[in-house]
Amino acid sequence: MAPTNEHDLLSTEIVNRGIESSGPDAGSMTFSVRVRRRLPDFVQSVNLKYVKLGYHYLINHAIYLATVPVLVLVFGAEIGSLSREELWRKLWDSTAGYDLVTILAFFGVFVFTLSVYFMSRQRSIYLIDFACFKPADDLKVTKEEFIEMARKSGKFDEASLEFQKKILQSSGIGDETYVPKAIMSPDNITTMKEGRAEASMVIFGALDELFKKTKIRPKDVGVLVVNCSIFNPTPSLSAMIINHYKMRGNILSFNLGGMGCSAGIISIDLARDMLQANPNNVAVVVSTEMVGYNWYPGKDRSMLIPNCYIRMGCSAVLLSNRGRDYRRAKYRLEHIVRTHKGADDRYFRSVYQEEDEQRFKGLRISKDLVEIGGDALKTNITTLGPLVLPLSEQILFFATLVKRYLSGSKEKGKSATIATEQKVAPSASGNKPYIPDYKLAFEHFCVHAASKTVVNELQRNLGLSDANVEPSRATLHRFGNTSSSSIWYELAYLEAKGRVKRGDRVWQLSFGSGFKCNSAVWKSVSNIKKPSSDNPWLDCLDRYPHEALS
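The sections below set out a description of the structure shown in this document. Here, residues in each chain are numbered from 1, in the same order as that chain's written sequence. With pLDDT at 70 or above as the cut-off, local features in this predicted model cover only qualifying residues; side-chain atom pairs require 80 or more to be listed or tallied, and sums for whole chains, interfaces and linings still use all residues. In computing side-chain properties, one takes all heavy atoms of the structure into account and sets aside hydrogens as well as water.

1. Topic: the overall build of the protein
Each helix and strand counted, the protein has 17 helices and 15 strands in total. Counting only residues that meet the buried cut, the protein has 48% of its 550 residues in that class. At a minimum sequence separation of 6, the contacts of the protein that also span at least 24 residues come to 80%. Note on areas: Shrake-Rupley with a 1.4 Å probe; residue coverage comes only from the protein chains shown. In the form shown here, the protein has an accessible surface area of approximately 27500 Å², with 57% of it arising from carbon and sulfur atoms. What counts as a helix is a DSSP run of H or I of at least four residues, what counts as a strand is a run of E of at least two, and both are numbered from the N terminus. When a residue's accessible area, from a 1.4 Å probe over protein chains only, is under 20% of the maximum for its type it is buried; when over 50% it is exposed; and in between it is partly exposed. Throughout, a residue-residue contact means that at least one pair of heavy atoms, one from each residue, lies within 4.5 Å.

2. Thoughts on the packing of helix H15 (residues 466–479) against helix H16 (residues 486–496)
Fitted lines through C-alpha atoms give the axes, limited to the stretch in contact for helices. The angle between two N-to-C directions lies from 0 to 180 degrees. Here H15 crosses H16 at 110°, and the two axes come no closer than 9 Å. Regarding the angle of H15 to H16, the classification is roughly perpendicular. Crossing of H15 over H16 shows right-handed handedness. Here Glu470, Pro471, Ser472, Ala474, Thr475 and Phe479 of H15 lie close against H16, whose contacting residues are Ser486, Tyr489, Glu490, Tyr493 and Leu494. We call Asp, Glu, Lys and Arg charged. Ala, Val, Leu, Ile, Met, Phe, Trp, Tyr, Cys and Pro are nonpolar, and the rest, Gly among them, are polar. When the residues that make up the contact of H15 with H16 are grouped by side-chain class, the tally is 6 nonpolar, 3 polar and 2 charged. In this scheme, roughly parallel covers angles under 35 degrees and roughly antiparallel covers those over 145, while 65 to 115 is roughly perpendicular and the rest are oblique. Each crossing is labelled by how the near helix is turned from the far one, with a counterclockwise turn of less than a right angle marking it left-handed and a clockwise turn marking it right-handed.

3. Structural notes on the nonpolar core
As used here, the term nonpolar core means buried Ala, Val, Leu, Ile, Met, Phe, Trp, Tyr and Cys residues forming a set that is joined through side-chain atoms within 4.5 Å. Ranked by internal contacts, the top residues of the largest apolar core, which has 84 residues, are Ile203, Leu207, Ile241, Leu319, Trp488, Trp522 and Trp537. When neighbours within four sequence positions are excluded, Trp488 is seen to be in contact with Leu127, Phe130, Cys132, Ile268, Ser315, Val317, Gln508 and Trp522. The next biggest cluster of nonpolar side chains, apart from the first, holds 28 residues, and it includes Tyr347, Ile381, Leu458 and Phe511.

4. Notes on the sheet that holds strand S3 (residues 126–132)
Strands were regarded as paired on the criterion that DSSP finds at least two bridges between them. Ordered by their spatial adjacency, 9 strands build an open sheet running S7-S6-S8-S9-S3-S10-S15-S14-S13, and the pairing between neighbours is mixed. Of all strands in the sheet, those with a lone pairing partner are strand S7 (252–256) and strand S13 (444–447), marking the two edges. Within the sheet, the average angular offset between the axes of one strand and its neighbour, ignoring direction, is 20°. By the bridge criterion, 6 bridges tie strand S6 (residues 223–228) to strand S8 (residues 282–288) in an arrangement that is parallel. Paired with Asn227 across the two strands is Ser287, which belongs to S8. Sheet strands in contact with helix H6 (residues 192–214) are S3, S8 and strand S9 (314–320), and its direction is about 135° off that of S3.

5. What about the packing of helix H5 (residues 158–169) against helix H9 (residues 301–309)?
H9 packs onto H5 with a crossing angle of 50° between their chain directions and a minimal axis gap of 10 Å. The angle between H5 and H9 places the two elements in the oblique class. In this structure, H5 crosses over H9, and the sense of that crossing is right-handed. Residues Ala159, Ser160, Phe163, Gln164, Ile167 and Leu168 of H5 pack against Arg301, Leu304, Ile305, Asn307, Cys308 and Tyr309 of H9. Among the residues forming the contact of H5 with H9, the class breakdown is 8 nonpolar, 3 polar and 1 charged.

6. With respect to helix H8 (residues 263–277)
Spacing of three or four residues puts side chains on the same side of an α-helix, whose turn is 3.6 residues. The length a helix should cover is 1.5 Å for every residue beyond the first. With 15 residues, H8 ought to run about 21 Å at 1.5 Å a step, and its terminal C-alpha atoms sit 21 Å apart, in line with that. Most of H8 sits out of view: 11 of its 15 residues are buried. For H8, the set of buried residues is Ala263, Gly264, Ile265, Ile266, Ser267, Ile268, Asp269, Ala271, Met274, Leu275 and Gln276.

7. Observations concerning the side chain of Asn321
By the element assignment, Asn321 lies in the loop between S9 and strand S10 (331–340). Engagement of the side chain of Asn321 in a polar contact is seen with the backbone oxygen of Asn278, the distance being 2.8 Å. Residues adjacent in sequence count toward polar contacts only when both atoms are side-chain atoms; beyond that, a polar contact is any pair of N or O atoms within 3.5 Å, and within protein one must be able to donate a hydrogen and the other to accept it. In this structure the side chain of Asn321 is engaged in a polar contact, spanning 3.1 Å, whose partner is the backbone nitrogen of Asn280. Each residue touching Asn321, except ones within four places of it in the same chain, is listed here: Arg123, Ser124, Ile125, Leu275, Asn278, Pro279, Asn280 and Asn281.

8. Examining the packing of aromatic side chains
Stacked, edge-to-face and tilted labels apply to pairs of Phe, Tyr and Trp rings (six-membered ring for Trp) whose centres lie within 6.5 Å, assigned for plane angles under 30 degrees, over 60, and everything in between, in that order. Evaluation of the coordinates by the stated rule reveals 17 aromatic pairs. On the basis of an interplanar angle of 75° and a centroid distance of 5.2 Å, the ring pair of Phe211 and Tyr245 is categorised as edge-to-face. Within this pair, whereas Phe211 is found in helix H6, its partner Tyr245 is found in helix H7 (residues 237–245), the two being separated by 34 residues in sequence. Charge-over-ring placement is defined geometrically: NZ (Lys) or CZ (Arg) within 6 Å of the ring centre, and within 35 degrees of the ring normal. The ring centre of Tyr352 lies 4.0 Å from the NZ or CZ of Arg349, which sits over that ring. Lying across the ring of Phe479, Arg478 places its NZ or CZ 4.7 Å from the centre.

Geometry only, nothing functional implied.
Here it is, written out as structure tokens:
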């Protein structure tokens, strides 16, 4: 595939630096131009092998659906040509020659085949309900308060404070996000005691709401999956939940650590597998991150970035494989597609926990993270496409993709020579594949609210409207980056707005350290009723989307 022009991967932004206080330009407005790498253009860099992988998944699951209608059609045409008397005579003549043992054996094989089919097929996984934790108002901070509290903690010099202030101003985060008060304390707050206290507050808060909404007793839960990337004590957070709610002794519990912001969908995938192997069961999935335990008090700028984005949050989701729960379920799980790029060292170290020169622990964010994330996203959505896109979109996409590859292989040498001599990108010829319209596959989008830049770039690459990314921007503005739970705050936003109707499809897309990118597709099986008073958006819903999109 022809390489992309380096200039196409850069974006520029004019930044108002305010009034110059000294020097020859004192008293005048000053501006600077910020240049950063943007997400790769998915249109120019689609990898054919991931398209083939998506079609492989599709064929494996759809071959029976393609053959059964043909068999029914042929059988129906044959039966339809016979009258009732002829049909009865044929059945009687063909069976009269068989004895009772043969007939019983035939029905035995038939019943056995049906039993094997129904026992081996995948069970439907239903989402009964979910809850998102909303911290107390005394933990709410504005951007100005955040910087002032950081200054009073005595842990940061003026250069570090100014850097964090600039990041916050362009982050897309509003003035109502939540942080634990302990992070601004002069004392060391990355202790197990502080970590457990924060974990108990957010996790039990979300679970109490979930059990109240669903009327499920904690002892009825058969599978428990908890994910928290940074804080992983012993006993585990899953054990802490079991102890607090006195859950049953044979519960299947799992605790996922170090898997970043994409761990929420990984946990759903694990819970699905457990429910497939254990019929007549319910599972609870808890997704969270401990802000205080992840706090970085040093001067390394690449490690200060998570301080500015990560905020308190937690989600708890109830899943079921019981057929009787269909009537009260909100969604049915349709697809999960997971992508892992960890085999490449560059991807593996893009989000890396380590100590700085002062031996302060923190998350180091690579300057190439946007580009790395874009490549993982491209792989994931290319694999997902054949599973969810309408046939018309798949034909257009696949035909133009093949045409591009064939023309590229024929003119590879010629294009490279022209590009070298004229100093232009080979992709400028206009021979680019048709990018599918994912708005035809989904009614709603829940894209991980990592940062304003990432959301904007995803909107541009996927051709989404402002309304499509409104839940992501609103969540980033109101709650900040709540890590693996952010996609559930976005779904809660859609429900609070009353936008989810029966039959609607929801795409949850998350990405995180490793580097990983994961997608989950849900289909609404009921009209979502007016949200309860526990919905975290009800007190501020009338201010969105206008404030979030400003």
